[in-house]
Amino acid sequence: MSNSVSLDWSKLSFSYTKTDLRYISMWKNGSWDEGKLVEENTITISEGSTAIHYGQQCFEGLKAYRTPNGDVQLFRPDENAKRINRSCRRVMMPEIPIEKFIDACMQVVKANDRWVPPYGTGATLYLRPYVIGVGDNVGVRPAPEYLFGVFAVPVGPYFKGGLAPVNFTIADMDRAAPHGTGDAKVGGNYAGSLLPHEEAVKRGFADCIYLDPATHTKIEEVGAANFFGITKDGRFVTPKSPSILPSITKYSLMYIAEHNLGLKVEEGDCHIDQLDAFVEAGACGTAAVITPIGGIEYKGKLHVFHSETEVGPVTRKLYETLVGMKFGEIEAPAGWTYIVK
Ligand SMILES: Cc1ncc(COP(=O)(O)O)c(C=O)c1O
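Take N137: it is sitting in the loop between β7 (124-134) and β8 (145-155). For N137, a relative accessible area of 13% gives the class buried. Looking at N137, its side chain comes within polar contact range of the main-chain oxygen of G139, at 2.8 Å. Of the polar contacts made by the side chain of N137, one reaches the side chain of R141; its length is 3.0 Å.

Structure, rendered in structure tokens:
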């Protein structure tokens, strides 16, 4: 901590900074090499790489948190490891052993210790693991070689002025097909979301909500985050669908809702024409933890949940509990946090 970079940590945005070292491992002839830390932040790959032409790639996102005693910890990196392997399987890339994935993240955090924001700033070190298909190729087939990389960038707290609700509109495009790749963290899902996001922002919304691609009647994703609603009778409800990316934040909140807040938890349908079932709503993901949803515009009308300006009490409690666990202020369930040693 003492050698920490001098930055205005709490004002950092979610943007790229070249930090000291990054991890690279190559897969060739059926196995991963040991991997190493490198200084160079560019990679040279064959122009025929499947990642360039056919979107054969996937990625993850997780953070390292400085705790009150100066340690640094990762939050549920084993879940990111499992998810990257599900994504790899879906686009026919080799899996990464869970220990190798966690070790790569740890190596990158340790090597960039001076970039891990100080405790109390709300800022974190964001880790971006990725796998890309590389090597000479031109046909639509899996690549002959793969690159697994992890880099780190310091990012500020998502809400600079404290947690605040924002409004969303409904996308008129889909991010995923009914039996497509919506549950995998593959780049194509995000390329397809750039235009609907841009259109929502132009109309004054924070982002757009995607409905289920088969019937367009149920909420699936809120931008690049999962949806949850709190009912009048104190249930935490979140959509269940094969085309949603299973959010690690969402599953952590489901646990907290049940065990810390005593709510009933349900994964089920969240019908877009039954929004008045919810007294509070939020979007959840690693970037912001929870983005409280003020209102959702649907068919030309804004449906407001708790308030457009105030955060609901259950949303706030969920947020504070999970953030407290991530920064090591509140004891997390066994196995959720990994101290970087
Ligand atoms: C499409 C999408 N949904 C949901 C999430 C939230 O997932 P997590 O809580 O694991 O960050 C993300 C972010 O990774 C995402 O990209």
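Now for the packing of helix α5 (residues 248-259) against helix α6 (residues 313-326). Interaxial distance between α5 and α6 falls to 10 Å at its minimum, and their mutual angle equals 110 degrees. Between α5 and α6, the angle is such that the two are roughly perpendicular. By crossing handedness, the relation of α5 to α6 is classed as right-handed. Together, T249, S252, L253, I256 and A257 of α5 and L318, T321, L322 and M325 of α6 make up the contact between the two elements. Grouping the amino acids of the contact of α5 with α6 by side-chain chemistry returns 6 nonpolar, 3 polar and no charged.

So, about the site of the ligand. Around the ligand, a shell composed of 15 residues is seen, among which R83, Y190, S247, T249 and T286 lie nearest. Within the side chain of T249, a nitrogen or oxygen atom sits 2.5 Å from an oxygen atom of the ligand. Between the ligand and T286 there is a distance of 2.6 Å, counted from an oxygen atom to a side-chain nitrogen or oxygen. Bound to the protein, the ligand loses 95% of the 390 Å² it would expose on its own. Of all the secondary structure elements, the ones that give two or more residues to the shell around the ligand are α5 and β15 (278-285). Partitioning the shell around the ligand into residue classes produces 6 nonpolar, 5 polar and 4 charged.

Between side chains of opposite charge, a pair can form as their charged atoms come close. Following the criterion strictly, the structure yields 11 salt bridges and no others. A salt bridge links R203 to E297, with the nearest nitrogen and oxygen atoms 2.9 Å apart. Taken together, the positions of R203 in the loop between α4 (187-202) and β10 (207-211) and E297 in strand β16 (residues 289-298) put the pair 94 residues apart, joining distant regions of the chain. Classification of E297 by relative accessible area gives buried; the value is 16%. Three or more residues joined by partner-sharing salt bridges are found here, namely D233, R235 and E266.

Here we take up the nonpolar core. Core analysis: the largest hydrophobic core is formed by 38 residues, its most contacted members being L74, F101, V109, L125, L127, V131 and F148. Elements with a minimum of two residues in this core: β1 (22-28), β5 (62-66), β6 (72-75), α2 (77-90), α3 (98-111), β7 and β8. In contact with L125, not counting residues within four places along its chain, are L62, K63, A64, V109, W115, V116, P117, A152, V153 and P154. If you look at the next biggest cluster of nonpolar residues, it comprises 21 residues, including Y65, M254, I290 and F327.

Side-chain alternation along β6 places V72 and L74 on one buried face and Q73 and F75 on a second face that is also buried. Direction of pairing for β5 relative to β6: antiparallel, over a ladder of 3 bridges. If you follow A64 over to β6, its bridge partner there is L74. Following β5, the chain reverses through 5 residues before pairing antiparallel with β6; G70 in that reversal takes a positive phi of roughly 95 degrees. With 3 bridges joining them, β6 and strand β18 (residues 337-339) adopt antiparallel strand pairing. Looking at the pairing, L74 lines up with Y338 of β18.

Before going further, it helps to examine the pairing of strand β12 (residues 226-231). The buried fraction of β12 amounts to 6 of the 6 residues, a majority that puts the element mostly inside the structure. Relative to β15, β12 is paired through 6 bridges, and the arrangement is antiparallel. In the strand pairing of β15, T231 is matched with F278. Here β12 runs beside strand β13 (residues 235-239); their pairing, made up of 2 bridges, is antiparallel. Looking across to β13, one finds that I230 is bridged to F236. The turn joining β12 and β13, which pair antiparallel and follow one another in sequence, is formed by 3 residues; a positive phi near 75 degrees is taken by G234.

According to the stated counting rule, one finds 14 aromatic pairs in the structure shown. Site record: aromatic cluster; members linked through ring pairs are Y23, W32, F101 and F148. Positioned above the aromatic ring of Y251, the side-chain terminus of K250 is 5.2 Å from the ring centre.

Reading the values: the criteria
Residues numbered from 1 in each chain as written. Predicted model: local features only at pLDDT ≥ 70, side-chain atom pairs only at ≥ 80, totals over all residues. Heavy atoms only, no water. Helix = DSSP H or I, 4+ residues; strand = E, 2+ residues; numbered from the N terminus. Buried < 20%, exposed > 50% of the residue type's maximum accessible area, 1.4 Å probe, protein only. Polar contact = N/O pair within 3.5 Å; in protein donor to acceptor, adjacent residues only side chain to side chain. Axes fitted to C-alpha atoms, helices over the stretch in contact; angles between N-to-C directions. Parallel < 35°, antiparallel > 145°, perpendicular 65-115°, else oblique. Left-handed = near helix turned anticlockwise from the far one by under 90°. Contact = heavy atoms within 4.5 Å. Nonpolar A, V, L, I, M, F, W, Y, C, P; charged D, E, K, R; others polar. Near = heavy atom within 4 Å. Areas by Shrake-Rupley, 256 points an atom, 1.4 Å probe, with all protein chains shown as cover. Salt bridge = Lys/Arg side-chain N within 4 Å of Asp/Glu carboxyl O. Core = buried A, V, L, I, M, F, W, Y, C linked by side-chain atoms within 4.5 Å. Pairing = 2+ DSSP bridges. Phe/Tyr/Trp six-rings, centres within 6.5 Å; stacked < 30°, edge-to-face > 60°. Lys NZ or Arg CZ within 6 Å of the ring centre and 35° of its normal.

Keep in mind these values describe shape, not function.
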